[in-house]
Amino acid sequence: MYAYDELDRTLINERVSEFRDQVKRRLSGELTEDEFKMLRLQNGVYLQLHAYMFRVAIPYGTLSSKQLRRLAHVARRYDRGYGHFTTRQNIQFNWIKLSELPDALAELAEVGIHAMQTSGNNMRNVTSDQWAGVAPGEVEDPRIWSEILRQHTTLHPEFSFLPRKFKIAITASEHDRAAIKVHDIGLRLHKNADGETGFEVLVGGGLGRTPFIAKTIKPYVAGRDILSYVEAILRVYNQYGRRDNIYKARIKILVHELGIEKFAREVEEEWKQMGHGALTLDHSVIEEVRSRFSYPPYEKLPHMPDELKQAAHDPLFERWRKNSVAPHKVQGYSIVTLSLKPVGGPPGDATADQMDAVADLADRYSFGEIRVGHEQNLALPHVAKRDLPQLWKALDRIGLATPNVNLVTDIIACPGLDYCSLANARSIPIAQELTRRFANHDTAEMIGRLHINISGCINACGHHHVGHIGILGVEKNGEEFYQITIGGRADENAQMGALIGPAVPYAEVADVIEDIVEAYLALRDRPEELFVDTVKRLGVEPFKERVYATR
Amino acid sequence: MTSPLQQKIKITGPSMVTANRTSDGIVIYRTAKQGWSASLSDAAIVRTSDEARALLAEANADDVGAVGAYIAPVELKDGGEIKPGNLRERIRSKGLTIDLLPA
Ligand code: HEM
Ligand code: SF4
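Residues numbered from 1 in each chain as written. Chains lettered and ligands numbered in written order. Predicted model: local features only at pLDDT ≥ 70, side-chain atom pairs only at ≥ 80, totals over all residues. Heavy atoms only, no water.

*Asks:* Hey, could you run me through the overall build of chain B in this one?
*Replies:* When you go through chain B residue by residue, the secondary structure sums to two helices and five strands. Helices and strands in chain B line up, N terminus first, as β-β-β-α-β-β-α. Sorting the 103 residues of chain B into buried and exposed places 44% on the buried side. Contacts spanning at least 24 positions in sequence make up 57% of the contacts within chain B whose residues lie at least 6 apart. (Helix = DSSP H or I, 4+ residues; strand = E, 2+ residues; numbered from the N terminus. Buried < 20%, exposed > 50% of the residue type's maximum accessible area, 1.4 Å probe, protein only. Contact = heavy atoms within 4.5 Å.)

Right, here's the structure in full:
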């Protein structure tokens, strides 16, 4: 867990009273919507189709049980009893009244939660691996660095009025769970030949209208230099970034237009000129932040407790364990993913009752800690293996033990036209129909790892470009149509999917996806060959032939 | 659907003006009595681009009460009933098209 310092608490509280005043002035007519819009966006408040939407940050995806209970309370008291976990370690409430927002913010502030940097053209919530600090083989806890960056960039003038929003993600594992290659800046912690810890720095990734995979700008920047290096990137961006055209304002466009070599030279030049003064991180500063992350007092436990051996006779338990339980860095413990993708449910939604129940389970089984990942699932990061059978039963009772993590029904979907004022088409009902089609867990397991990502418009909040199967809602003559891509991926080998054919109408999407999956089952050369690998080996053509032959 | 926020004011059929209420964000419709209603059946119907522009201007003038007013199409049924003219407006007037709980 992380303990906020006094400065942060003061800052958060000041923001709440500031916003209370702004809302009051808006409601009385003293502030026009034009004047107010910027202010509300700085506090995570959007206007959606049916209501205001309120986006709250969950820095690096770490929550305490106390914080989760408070989120549940906000969902119940100020919203309609549920919240939506997003792909950027945020939670959104869909039905909040503007007049009640200051109270909701104040209640969240009491537990150190805020909505700063969840919208607007500033540095957004710095995201990280949801298994940070517990994944085996991690170089070190990447959240230390997320936090250093968060502190430095929060409300820093240079970062508050950028040409566009700016997103950073950090990972410290071989396997990238933070999707760093689709962020403006991606940071990968690793050790150099001398065993010192530093970062590979990637820049210019992003999805949206013009998707790009981030490119490596510098293979190694020492940890102590990371702030100055990131600042050098930001300065070059601030200097060149297009403020005149919203579609060209992201750093990915600048990197693309200048070319990565030239961009890298500019940054290097800027970095040299900045010297290595104030921004060089003192060892003591790093250690100070490190010391704020506490790790639980783990017990010395056997690798294979009796409870687990016994439970292994239950095939339902075993199925869940194999699917949702991952190794932990400490012997005798595991990381448990809680699927927020029940068959027929809206991906990423959790009810207030579920949140409360998860908070209780976290207290009982995970040292009071919960994680939120970019796949819109939750995790309990420190579960003793002997507790797994009990935990499973408890999760099953609250509908959070669907054994579908990373399977075809573990769908990422944006809110789409059911909620979002920018949408072309609906996302959630497409996801729901797909989960019903693939509801049989045996079938889903047989298909294996397969990520379906759905966005309701080109803004790509549902990461459709990097879905193994991507579904993008478009509009044709007032009707909902969907473009389908295959072969995308968001991990360390990130790449954009390729279009498989003409867009299909709403009613046919699920059929087409079923056909694609059937084609894959026929085409894969062995059961272990993953969907993305089959697409990589054969290209789009054989899929296209099978899917469109009968259409 | 192209976002209505980007539309030029040119209507091709019966239309209304809709927005969200400032205090709580709920969907509201401009009425013929210079006010707002949460019910589409109370919406003022306009048939020409000029009428539409005038109704929108009037709606926009109420910056305290409403946010993001725009013109949207409606369908008029024989009995005079007003129906939303596209999917977006159907969703805004009828609510979510989805089940919130797993089914
Ligand atoms: C419902 C209200 C939402 C609105 C109005 C909204 C709006 C937007 C817009 C306008 C962009 C494009 C930014 C650009 O041009 O660069 C964007 C990007 C993004 N949104 Fe949302 N969004 C919403 C909800 C969500 C949700 C629920 C998620 C997560 C599930 C999400 C995740 C993202 C991500 C990851 C991107 C970045 C894509 C990129 O790399 O460019 N958004 N959003
Ligand atoms: S992708 Fe488009 S439809 Fe989906 S949430 Fe983002 S802006 Fe809305």
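*Asks:* Would you mind showing me how to read the packing of aromatic side chains here?
*Replies:* The way to describe two aromatic rings as a pair is by their centre distance and the angle between their planes. All names here are of chain A. One pass over the structure, following the stated rule, counts 14 aromatic pairs over all chains. With 5.0 Å between their ring centres and 90° between their planes, Y229 and W271 make a pair best called edge-to-face. Here Y229, found in helix α7 (residues 226–240), pairs with W271, found in helix α9 (residues 260–274); they are 42 residues apart in sequence, far enough to count as distant. What makes Y229 buried here is its relative accessible area of 0%. What makes W271 buried here is its relative accessible area of 9%. Considering the side-chain rings of Y298 and F367, the 5.9 Å spacing of their centres and the 80° angle between planes classify their relative orientation as edge-to-face. Placement of the pair is Y298 in the loop between α10 (283–292) and α11 (306–311) and F367 in the loop between α13 (352–365) and β14 (369–372), with a sequence separation of 69 residues. (Phe/Tyr/Trp six-rings, centres within 6.5 Å; stacked < 30°, edge-to-face > 60°.)

*Asks:* Help me out: how do you make sense of the coordination of the iron atom of ligand 1 in this one?
*Replies:* Metal coordination angles have textbook ideals: 109.5 degrees for a tetrahedral set of four donors and 90 or 180 degrees for an octahedral set of six. Protein coordination of the iron atom of ligand 1 is limited to a single donor, C461 of chain A (SG), which sits 2.2 Å from the metal. You can see C461 of chain A is positioned in the loop between β17 (452–455) and β18 (469–476). (Donors = N, O, S within 2.8 Å, 3.2 Å for Na, K, Ca; no water.)

*Asks:* It is not clear to me how the environment of R88 of chain A should be interpreted in this structure. Could you clarify?
*Replies:* Residues and elements named next belong to chain A. Residue placement: R88 occurs in the loop between β4 (82–85) and β5 (90–96). The class of R88 is buried, set by a relative accessible area of 10%. Separated by 38 residues in the primary sequence, R88 and V126 place their C-alpha atoms 8.7 Å from one another.

*Asks:* Help me understand the pattern of salt bridges, please; the structure alone is not making it clear to me.
*Replies:* Within the structure shown, the criterion is met by 49 salt bridges over all chains. In this structure, E369 of chain A engages R143 of chain A in a salt bridge whose closest nitrogen and oxygen atoms are separated by 3.7 Å. Here E369 of chain A, found in strand β14, pairs with R143 of chain A, found in helix α5 (residues 143–153); they are 226 residues apart in sequence, far enough to count as distant. In terms of burial, E369 of chain A and R143 of chain A fall into one category: buried. One salt bridge in this structure joins R88 of chain B and E89 of chain B, with 3.7 Å as the shortest N-O distance. As far as burial versus exposure is concerned, R88 of chain B and E89 of chain B are alike and both buried. Connected through salt bridges with shared partners, the residues E433, R436, R437, D511 and E514 of chain A form a single ionic network. (Salt bridge = Lys/Arg side-chain N within 4 Å of Asp/Glu carboxyl O.)

*Asks:* Just to check I follow, could you spell out the sheet that holds strand β3 (residues 36–37) of chain B for this structure?
*Replies:* Strand pairing in a sheet relies on backbone hydrogen bonds, with the paired strands running either antiparallel or parallel. Residues and elements named next belong to chain B. Strand order in the open sheet made by the five strands is β3-β2-β1-β4-β5, with antiparallel pairing throughout. Edge strands, defined here as strands with exactly one partner in the open sheet, are β3 and β5 (82–84). Across the sheet, helix α1 (residues 49–61) touches β1 (15–21), β2 (27–30), β3 and β4 (66–76), and the angle it forms with β4 is around 150°. On the sheet, helix α2 (residues 87–94) packs against β1, β2, β4 and β5 and is oriented at approximately 50° with respect to β1. (Pairing = 2+ DSSP bridges. Axes fitted to C-alpha atoms, helices over the stretch in contact; angles between N-to-C directions.)

*Asks:* Is there a simple way to explain the pairing of strand β2 (residues 52–57) of chain A in this structure?
*Replies:* In the case of a regular strand, side chains alternate between the two sheet surfaces. Residues and elements named next belong to chain A. Counting buried residues along β2, six of its six residues qualify, which places the element largely inside the surrounding structure. In β2, alternate side chains face the same way, and those of Y52, F54 and V56 on one face and M53, R55 and A57 on the other are all buried. Pairing analysis gives three bridges linking strand β1 (residues 45–47) to β2, with the strands arranged antiparallel. If you follow Y46 over to β2, its bridge partner there is M53. Hairpin connection from β1 to β2: four residues lie between these consecutive antiparallel strands. Where β2 meets β5, five bridges bridge the pair, whose relative direction is antiparallel. By the bridge assignment for β5, F54 is matched with F93.

*Asks:* Is there a simple way to explain the UniProt feature "domain: Nitrite/sulphite reductase 4Fe-4S" (unreviewed entry) in chain A in this structure?
*Replies:* In this structure's numbering, the residues bearing the UniProt feature "domain: Nitrite/sulphite reductase 4Fe-4S" (unreviewed entry) are residues 119–273 and 408–547 of chain A. Along residues 408–547 of chain A one finds 34% helix and 19% strand; the C-alpha atoms at either end are 18 Å apart. (UniProt positions renumbered as here; feature names shortened; annotations may be inferred.)

*Asks:* Even after reading the chapter, I still don't get unusual backbone geometry, so can you show me in this structure?
*Replies:* Note: most peptide bonds trans; most residues except glycine with negative phi. Residue and element names in this part refer to chain A. Positive phi values are uncommon outside glycine, yet A179 reaches one of about 55°. On the secondary structure map, A179 appears in the loop between β7 (168–171) and β8 (185–191). Of note, the phi angle at F367 is positive, near 50°, even though the residue is not glycine.

*Asks:* How should the packing of helix α12 (residues 315–324) of chain A against helix α14 (residues 388–397) of chain A be read in this particular structure?
*Replies:* Any two packed helices are characterised by the angle at which their axes cross and by the distance between the axes. All names here are of chain A. Contact geometry of α12 with α14 gives a least axis separation of 11 Å together with a crossing angle of 95°. As the angle between them shows, α12 and α14 are arranged roughly perpendicular. Across from L316, F317 and W320 in α12, the residues of α14 making contact are L388, P389, W392 and L395. In terms of residue class, the contact of α12 with α14 is made up of seven nonpolar, no polar and no charged. (Parallel < 35°, antiparallel > 145°, perpendicular 65-115°, else oblique. Nonpolar A, V, L, I, M, F, W, Y, C, P; charged D, E, K, R; others polar.)

*Asks:* Please explain the interface of chain B and chain A as it appears in this structure.
*Replies:* A common way to express how large an interface is: the accessible area buried when the components associate. Contact with chain B, which involves 28 residues of that partner, is made by 40 residues of chain A. Taken together, both faces of the contact between chain B and chain A bury some 2,600 Å²; the carbon and sulfur share is 58%. Here R26 of chain A makes a salt bridge to D63 of chain B, at a shortest N to O gap of 3.3 Å. Linking chain B to chain A there are 10 residue pairs in polar contact (both at pLDDT 80 or more). Sorting the residues of the side of chain B that touches chain A by element identifies β1, β4 and α2 of chain B as the ones contributing at least two each. Among the elements that take part in the side of chain B that touches chain A, α2 of chain B stands out by supplying four residues, more than any other. Looking at the side of chain B that touches chain A, its residues break down into 14 nonpolar, eight polar and six charged. (Buried area = accessible area lost by both parts, 1.4 Å probe. Polar contact = N/O pair within 3.5 Å; in protein donor to acceptor, adjacent residues only side chain to side chain.)

*Asks:* I tried to follow the domain arrangement of chain A on my own but got confused; where do I start?
*Replies:* All names here are of chain A. Each assigned domain of chain A is listed here: domain 1 (6–109), domain 2 (134–291), domain 3 (306–397) and domain 4 (412–548). Each of domain 1 and domain 3 has a C-alpha centre, and these two points are 28 Å apart. Each partner contributes residues to the interface: domain 1 has 21 residues there, and domain 3 has 24 residues. Carbon and sulfur atoms make up 55% of the surface buried where domain 1 meets domain 3, a total of about 1,800 Å² over both sides. Sorting the residues of domain 1 by area buried against domain 3 places L68, R69 and F85 first, and these three jointly supply 31% of that buried surface. Applying the counting rule to domain 1 against domain 3 returns four salt bridges. One salt bridge connects D363 with R69, and the closest N-O pair in it is separated by 2.7 Å. Where domain 1 touches domain 3, the interface holds 16 residue pairs in polar contact (both at pLDDT 80 or more). Looking at the side of domain 1 that touches domain 3, the elements with two or more residues in it are β3 (62–64), α3 (65–78) and β4. Here the side of domain 1 that touches domain 3 is composed, by residue class, of nine nonpolar, 10 polar and two charged. (Domains from an automatic or database assignment.)

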